[in-house]
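# Understanding the architecture of this molecule
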Amino acid sequence: MNLHQHLANFKIGLRAHSPRHPRYLSNMVKRRLRCGLHLDHLWPGGWSPRPILWVDAIPTYRCNLECKMCFQRNDEGAVRWALQDQEFSPDQWKLIIDRVAQFAPTILWIGGEVLIYPRIVELLAYSKRKGLKVLIVTNGFFLANVAEKLVEIGVDLVTVSIDGSETLHNAIRQNSQAFTRAVEGIKAVLAVRQARRSSLPIVTINHVITRHNYRQIFEFVTFARELGVDVVQFLGLIYLDQTTMQCHREVLRSEFSIEAANIDALDNSQYASGIDTTWLQEQINTLRETSPGFPALRFCPSGFEDYIEAHYGPDGLLPLAHQRCSAPWQKMTIQPNGDVIGCCKLPNLYTGNVLNEDLESIWNGQAFRRFRQRIKQGPLPGCIRCGWLSYR
């Protein structure tokens, strides 16, 4: 990566860890150390120290789009795991935020489509008042409606997913307005941010590389630069072959007595087949060396940018021998009914409920510790290509 890109990432880092919030920088350093040195894996018995570095808050699984690659829904548009359509009220979520604020520095609001949830802006503001770093991931459809409020309350980061050109994006999202609404939402946030002379929120575009868009990565960065976003994050497509999927099912049944609720959704190999990985690797190398530094470029999983051929190759050739996952030691995911799960990709791996138990009891409870002990041995079969792993 060239000097311009290093400087861009450094500047984004300064904005993300503003001196107005001194504990942000402290926890960033802790997270880097814990991840880079795999310190979490040294704790015995699956125990993990405080603070949790990250809490995923899912107030709803409802969504206005029907994305073809969505791991949450089946072909009929139904959520792939049973939650009995339960959603906590905003007041109940405020009780959860009170507890999270004593336990973790960062809260990420996701869905479904998070902006569908009633009074979500009120919950974001409440999270900020409690001293939390607040991030949201959205499809952008309703972003323009809340742009002014997001800047006003100081949301730290807004991530919008865009899959490519207008035609491609709309086809994947199965909505003819999806691209226009997302772009309008991004423009609205950036315009309000500029008018208020604010450095936040940082605006990021997530862009999953598939066979449909991989030849347009230079054009996409140009589009993002003209739009004015701060970061483009290229994501490796998450998918599994049938053998790996079956192996994952068997492991979850034998070791955890649960079913792989959403594993079928990772049968996305059709979106990866046909990618010229040699060409793509060369293009990414060129992009990293020649990009002027705006927007900043990031890649997920860590090191994905150097392992394109491995990522889009057969499951059995992935370099997993040295890979470790630190997610269960660093974050918890809270579902719409208050259930806490050990991993967002394992929605029925129940470890407790935030309204019935205190977070400390859940965090180092038997179920969570058992899951960590298993992950310490190595990733589960279905974990490959996950963004929480690393190729480095």
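The structure presented is a predicted model; accordingly, all values stated were derived computationally and were not measured. (Residues numbered from 1 in each chain as written. Predicted model: local features only at pLDDT ≥ 70, side-chain atom pairs only at ≥ 80, totals over all residues. Heavy atoms only, no water.)

### What to know about the pattern of salt bridges
Where charged atoms of side chains with opposite charge meet at close range, the side chains can pair. The cut-off we apply is this: Criterion for a salt bridge: a side-chain nitrogen of Lys or Arg within 4 Å of a carboxyl oxygen of Asp or Glu. Runs of H or I in DSSP of at least four residues are treated as helices and runs of E of at least two as strands, each being numbered from the N terminus.
Applying the stated criterion across every chain yields a total of 15 salt bridges. When the shortest N-O distance is used, the salt bridge between Glu87 and Arg62 registers 2.9 Å. Of this pair, Glu87 sits in the loop between strand E1 (54-57) and helix H3 (90-101) while Arg62 sits in the loop between E1 and H3, and the two are 25 residues apart along the sequence. The salt bridge partner of Glu148 is Arg196, with a shortest N-O separation of 3.6 Å.

### A word on the sheet that holds strand E8 (residues 331-334)
Hydrogen bonds between backbone atoms are what pair the strands of a sheet, whose relative direction is either parallel or antiparallel. Short version of the rule: When DSSP locates at least two bridges between a pair of strands, those strands are taken to pair. Orientation is described by axes fitted as lines to C-alpha atoms, over the contacting stretch for helices, and by angles from 0 to 180 degrees between their N-to-C directions. Whether two residues are in contact is decided by their heavy atoms: any pair within 4.5 Å suffices.
Sheet architecture is open: 10 strands sit in the order E7-E6-E5-E4-E3-E2-E1-E8-E9-E10, paired in mixed fashion. What marks the edges here is a single partner per strand, and that holds for strand E7 (296-300) and strand E10 (350-353). On average, each strand axis in the sheet is inclined to that of its neighbour by 25 degrees, with strand direction left out of account. In the packing of helix H10 (residues 277-290) onto the sheet, contacts are made with strand E5 (202-209), strand E6 (231-236) and E7, and the angle to E7 comes to roughly 145 degrees. Here helix H14 (residues 366-377) sits on the sheet in contact with E8, strand E9 (339-341) and E10, set at roughly 150 degrees to E10.

### Some details on the packing of aromatic side chains
Stated formally: When the centres of two rings from Phe, Tyr and Trp lie within 6.5 Å, Trp using its six-membered ring, the rings pair. Their planes under 30 degrees apart give stacked, over 60 give edge-to-face, and anything left gives tilted. Summary of the burial criterion: residues with accessible area below 20% of their type's maximum are buried, those above 50% are exposed, and those between are partly exposed, where the area comes from a 1.4 Å probe applied to protein chains only. Geometrically, a lysine NZ or arginine CZ counts as sitting over a ring once it is within 6 Å of the ring centre and also within 35 degrees of the ring normal.
Tallied over the full model, the rule gives 12 aromatic pairs. Between Trp43 and Trp47, the ring centres sit 5.2 Å apart and the planes meet at 75 degrees, which makes this aromatic pair edge-to-face. What makes Trp47 partly exposed here is its relative accessible area of 38%. Aromatic side chains Phe256 and Phe371 sit 6.0 Å apart centroid to centroid with 65 degrees between the ring planes, which places their arrangement in the edge-to-face category. Taken together, the residues span a long stretch of sequence, with Phe256 in helix H9 (residues 242-256) and Phe371 in helix H14 at a distance of 115 residues. When its relative accessible area of 2% is taken as the criterion, Phe371 is described as buried. Put simply, the rings of Phe179, Phe220 and Phe223 pair up and form one aromatic cluster. If you follow Lys94 out to its NZ or CZ, it ends over the ring of Tyr126, 5.5 Å from the centre.

### Looking at the environment of Arg197
In this fold, Arg197 is placed in the loop between helix H7 (178-195) and E5. Expressed as a C-alpha distance, the spacing of Arg197 and Val151, which sit 46 residues apart in the sequence, is 10.0 Å.

### A look at the environment of Leu124
Considering the arrangement of structural elements, one finds Leu124 in helix H4 (residues 120-129). Its relative accessible area of 0% is what places Leu124 among the buried residues. Through-space distance from the C-alpha of Leu124 to that of Gly154 is 9.1 Å; in sequence the pair is 30 residues apart. Setting aside its immediate chain neighbours within four residues, Leu124 contacts Trp109, Val134, Ile136, Leu150, Ile153 and Val155.

### So, the pairing of strand E3 (residues 133-138)
Here is the rule: The handedness rule is simple: strands pointing away from the viewer, and a clockwise path from the first strand over the helix to the second, make the crossover right-handed.
In terms of burial, E3 is largely enclosed, as 5 of its 6 residues are buried. Two elements, strand E2 (residues 106-109) and E3, share 4 bridges in a ladder whose sense is parallel. Directly across from Leu108, in E3, lies its bridge partner Leu135. Remark: the E2/H4/E3 crossover connection has right-handed handedness. Viewed along the sheet, the connection from E3 through helix H5 (residues 143-153) into strand E4 (residues 157-161) turns out right-handed.

### Description of the state of the cysteines
For the record, the criterion: By convention in this document, the label disulfide applies to cysteine sulfur atom pairs within 2.5 Å.
Following the criterion strictly, the structure yields 0 disulfides and no others. Cys383 forms no disulfide, and the closest cysteine sulfur to it belongs to Cys343, at a distance of 6.3 Å.

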